[in-house]
Structures are given as structure tokens and as C-alpha cells.
Amino acid sequence: MPFLERYREYCQSVTDAPWKFHEYIGLATVAAVMGNRWRLGIGDGWIYPNLWIILVAASSRFRKSTCLKISQRMIERCSVRDIELSWRASEEALIEQLNQRPYGITYCDELASFAGLMGRDFMRGGKGLWASVYDGRLPREFFKRGQHQGRADLAVSFTAATTMEWLVDQLNESDIRGGLLPRFLVVPAYSKETSMPLPPMGDQKEQAALAAELDRISLTEGDMFLPRESQRLYTQWFMRYDNAKLDGTRADPWIPRLATCCLKIAMILQVDHDGQRSIQPAIIQQACQYTSWAMQQVGTLCQQELTFSKHEEQVKRVRQLLQREEGWTRLRDLQRTCHLSKQDLDKVLATCRASEWIQEKRDVWVTDSDTNPDERKKVQQIRWLGMT
């Protein structure tokens, strides 16, 4: 049985975290032991199988930190040593670590702590450094003059966790346009498949078997390639997303990076499956499914959660109220509950109409049972259709 399938089953046996969390953290776990020994030639360079993943969900109940710790312990059990990098390291310490071992994985229980560190004076260049690490290269400017020539063979995965509230409250538009966030696969969860009040201890034999499988993967290497049919399938998938915007322009920074992530995931899946250098059509299709789901989450995040203006915040408020009703709502009642002026509400509804997010009915005869059951009057009703 491939490591990823076995890993998901093991995780589901010891925690009630959402299954999607295990799937994506499992990919990063395999990527960490693959390191920079596996690569895929694209254009004038190489792609390495590193992934950056954020688990997004409410605190405590969804076991985000537990998912990271399961992967962390799994790495510690295998024979590959010193591949965990500290996100708290200074720029100099991180560069030194990467010179000694240009691949690894980072576990950050709370992305807010990492973001706070990047704002400190002594880490002023930290965002640029980590962005270069993701891109697989350390340019010469990060080294002292004459000391190094830089390097372009990094394969560092980064796993983190946070809440939707933090993402919504703390992010600004520049964090998306030029920041680190679009380099992450955003994996949100709003519900769980099961509940486990008393998780059992993990099976030690299964732990050992999983660690042995990671050891096996860590001893492999190769230059991967896409056969013609795999190229056709990937190109077909890529063009569908490249020609369609997720959310106007806000989600655009994610599109090229997610397209590259699709190839990284395909590399990981193929090595986990049989260790062959040729990425087979079935594998590329599976990678496209993983990435399509991630793109849908980015679209939802940008359309429904992130707000950077007063008007966007008002649209979000009206959307939440209409979704809560799950049916037709009187316009008068909506105006009263959303606490917006008639002018502001008209602007919000104009945006919703233009985007075809709402459906309206005018001159609907209703009975006001609260005041006069015998009196009927005409009202305007509205309901939420959804964002597409």
C-alpha cells in the first residue's frame, strides 16, 4: 500500500481532524523526504517537490496542530536526520542550515506568529528570503560578498495552521499581491467527518511501517518527465484555469503558483505510487483534482471572506444574513438586520445583481401575522443564489 494511503488511514485512527488535512499534510511529508533528489525539468530550470500548506479552521476543535505534529513525529521516526527547519531562525541561521542541507520541512503551529516575526526589525528581509526559499533558490544578495555564488536547488516544504478570523482580520491587499500567502495551498475546513472524544494511542507497528516507507522514499532519486499523454492532460487542465479568472484579479497571484503546485503534487504521487521517473496520465489527473480543489478554496476565500474596503465588508455582511435565512427574505427585514442605510444597501444589491448572486421578487402579496393577520400587502423579497 502506498505511503499516502496508509498515512491517511493511520491519521484517521488517532484523531478526528478533517480528512483533507491528512491528505495535504501527507503530501508535504513525502515531499520532505524526497528533498531535492527528485526534480522535473520545465523550461530553463527545474521544479522540486516542495509544498507550502496552510490548514485553516476554528481553534482547537479541528485539530490543526495535531495534524502537524503527526507528520512531525513521523519524520522524527525515520532515519532521515536534521531535515526540520525552524521558522524562528534568523536569516543568517536559516541560510547556514540551507547550505548544509538544501531541503527539509518547517512546522508552524500558528501562522500569526510567523507573520509577527517577519515584522520584526531583525527579520526585515525575512519575507524576501522565505519567498526565495519557496522558489527554490538563494540569490547571491543573501550571502556576504565573495562568500557564496548562491544556489538554486532548494526544496523546502512549509506547513502552518491558522484561523479564518486571523486571515480575514490581519491580511491586506499587499500580502496577496507581493507577499507569501499566494505561495501557500490554503486548506480550509468548516466541518468534520467524525468526532473522537478519546482518541486511541497509535499502533506502534503501523508507525514503524510508515517510517520505513519514508526511509525507502528517501533513498530514491531521479529526473522526472511527462509523457505525451500526461502533457496533453495537464495542458488541457491548465488552459481551463489560465483562461478563467477566479475572482477578477485578486486571486490571480495564486493561479501560476497553483499550476506549478499541480506538477509538484504529481511528482509526489508518482514517487509514492511506484517510484518511476515517468509521471503517468492517471497520476497527473489525480494531481489536477488535488489542485482544482485548492483553486476552489482560493476562489471562496477571495470572494466570500477577504474584504479590503467598506463596500466589500457590507457585501459580506448581507451575504451572511441571506445565507442564514436559507430562503426568501423581505427586503425591509434585510435592511433592518444588516444595519445599513438605504443608500449603502442599494449599492450592495447592485453589486449582487451585476454578479447574479441574488434573485428578487417584487410585488409579492404576504400576510403580516405579527400585527394584523387579516391584512395583506405587497413586499419585495430577495434570496441568495450563491457566488460562482
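Residues numbered from 1 in each chain as written. Predicted model: local features only at pLDDT ≥ 70, side-chain atom pairs only at ≥ 80, totals over all residues. Heavy atoms only, no water.

### Quick look at the pairing of strand 3 (residues 52-56)
- In terms of residue burial, strand 3 counts as a mostly covered element, since five of its five residues are buried.
- By the alternation rule, side chains of strand 3 split into Trp 52, Ile 54 and Val 56 and Ile 53 and Leu 55, which are all buried.
- Strand direction decides the pairing type here: strand 3 and strand 5 (residues 155-162), joined by five bridges, are parallel. Each residue of the ladder has a partner; that of Leu 55, found in strand 5, is Ala 161.
- By the bridge criterion, four bridges tie strand 3 to strand 6 (residues 185-188) in an arrangement that is parallel. Paired with Ile 54 across the two strands is Val 186, which belongs to strand 6. (Buried < 20%, exposed > 50% of the residue type's maximum accessible area, 1.4 Å probe, protein only. Helix = DSSP H or I, 4+ residues; strand = E, 2+ residues; numbered from the N terminus. Pairing = 2+ DSSP bridges.)

### Things to note about the sheet that holds strand 7 (residues 222-224)
- A sheet is described by the order of its strands in space; here three strands give the open sequence 2-1-7, paired in mixed fashion. With partners counted over all chains shown, the strands left at the sheet margins are strand 2 (45-47) and strand 7, one partner each. Strand-to-strand twist of the sheet, defined as the mean angle between neighbouring strand axes without regard to direction, takes the value 40°.
- Bridge analysis of strand 1 (residues 38-42) against strand 7 gives three bridges, and the strand direction is parallel. Bridging across to strand 7, Arg 39 finds its partner in Asp 223.
- Together, strand 1, strand 2 and strand 7 form the strand contacts of helix 11 (residues 254-273), whose direction differs from that of strand 1 by roughly 140°. (Axes fitted to C-alpha atoms, helices over the stretch in contact; angles between N-to-C directions. Contact = heavy atoms within 4.5 Å.)

### So, unusual backbone geometry
- Despite not being glycine, Arg 63 has its phi angle at roughly 55°, a positive value.
- Topologically, Arg 63 is positioned in the loop between strand 3 and helix 3 (64-77).
- Its relative accessible area of 29% is what places Arg 63 among the partly exposed residues.
- For His 339, which is not a glycine, the phi torsion comes out positive at approximately 55°.
- The residue His 339 is located in the loop between helix 14 (331-338) and helix 15 (342-354) in this model.
- With relative accessibility at 67%, the residue His 339 sits in the exposed group.

### Quick notes on the sheet that holds strand 5
- Strand order in this open sheet of four strands is 4-5-3-6, and the pairing throughout is parallel. In this open sheet, the two edge strands, each paired with only one partner strand, are strand 4 (103-108) and strand 6. Ignoring strand direction, the axes of neighbouring strands in this sheet form an average angle of 15°.
- Pairing between strand 4 and strand 5: six bridges, direction parallel. Within strand 5, the residue paired with Thr 106 across the bridge is Phe 158.

### A closer look at helix 1 (residues 3-14)
- In this model helix 1 runs 17 Å from its N-terminal to its C-terminal C-alpha over 12 residues, within 8% of the 16 Å that 1.5 Å per residue would give.
- Regarding helix 1, the residues found buried are Phe 3, Leu 4, Tyr 7, Tyr 10, Cys 11 and Val 14. Down the axis of helix 1, the smallest arc covering the buried residues is 125°, so these residues share one side.
- Contacts made by the buried residues of helix 1 are with helix 2 (19-34), helix 3, helix 9 (204-218) and helix 11. (Expected span 1.5 Å × (residues − 1). Arc of directions from axis to C-beta.)

### Focus on helix 15
- Taking 1.5 Å of rise per residue, the 13 residues of helix 15 would be expected to cover 18 Å, and the 18 Å separating its terminal C-alpha atoms lies within 8% of that figure.
- Of all the positions in helix 15, only Asp 344, Leu 345, Val 348, Leu 349 and Cys 352 are classed as buried. Around the axis of helix 15, the buried residues are gathered within 130° of arc, so they sit on the same side. In helix 15, the exposed positions that point more than 90 degrees away from the buried face belong to Gln 343 and Ala 354.
- Phi for Glu 356, located one or two positions after helix 15, is positive at around 60°.

### Description of the packing of helix 13 (residues 310-325) against helix 15
- Packing of helix 13 against helix 15 brings their axes to within 10 Å, and their N-to-C directions diverge by 80°. As the angle between them shows, helix 13 and helix 15 are arranged roughly perpendicular. Taken together, the residues of helix 15 that come into contact with helix 13 (itself represented by Lys 310, His 311, Gln 314, Val 315 and Val 318) are Asp 344, Leu 345, Lys 347, Val 348 and Thr 351.
- Here the residues of the contact of helix 13 with helix 15 sort into four nonpolar, three polar and three charged. (Parallel < 35°, antiparallel > 145°, perpendicular 65-115°, else oblique. Nonpolar A, V, L, I, M, F, W, Y, C, P; charged D, E, K, R; others polar.)

### Here we look at the environment of Asn 50
- In this fold, Asn 50 is placed in the loop between strand 2 and strand 3.
- Judged by relative accessible area, Asn 50 falls into the buried class, the value being 2%.
- Along the sequence, Asn 50 and Ile 265 sit 215 residues apart, while their C-alpha atoms lie 8.7 Å from each other.
- Beyond its immediate stretch of four places on either side in the chain, Asn 50 contacts Ala 31, Val 133, Tyr 134, Ala 155, Val 156, Ser 157 and Lys 264.
- At 3.2 Å, the side chain of Asn 50 forms a polar contact with the backbone oxygen of Val 156. (Polar contact = N/O pair within 3.5 Å; in protein donor to acceptor, adjacent residues only side chain to side chain.)

### Digging into the packing of helix 2 against helix 11
- Running from N to C, helix 2 and helix 11 cross one another at 80°; their axes reach a closest spacing of 10 Å. Put simply, helix 2 runs roughly perpendicular to helix 11. Of the residues in helix 11, those in contact with Leu 27, Val 30, Ala 31 and Met 34 of helix 2 are Ile 265, Met 267, Ile 268, Leu 269 and Val 271.
- Split by residue class, the contact of helix 2 with helix 11 holds nine nonpolar, no polar and no charged.

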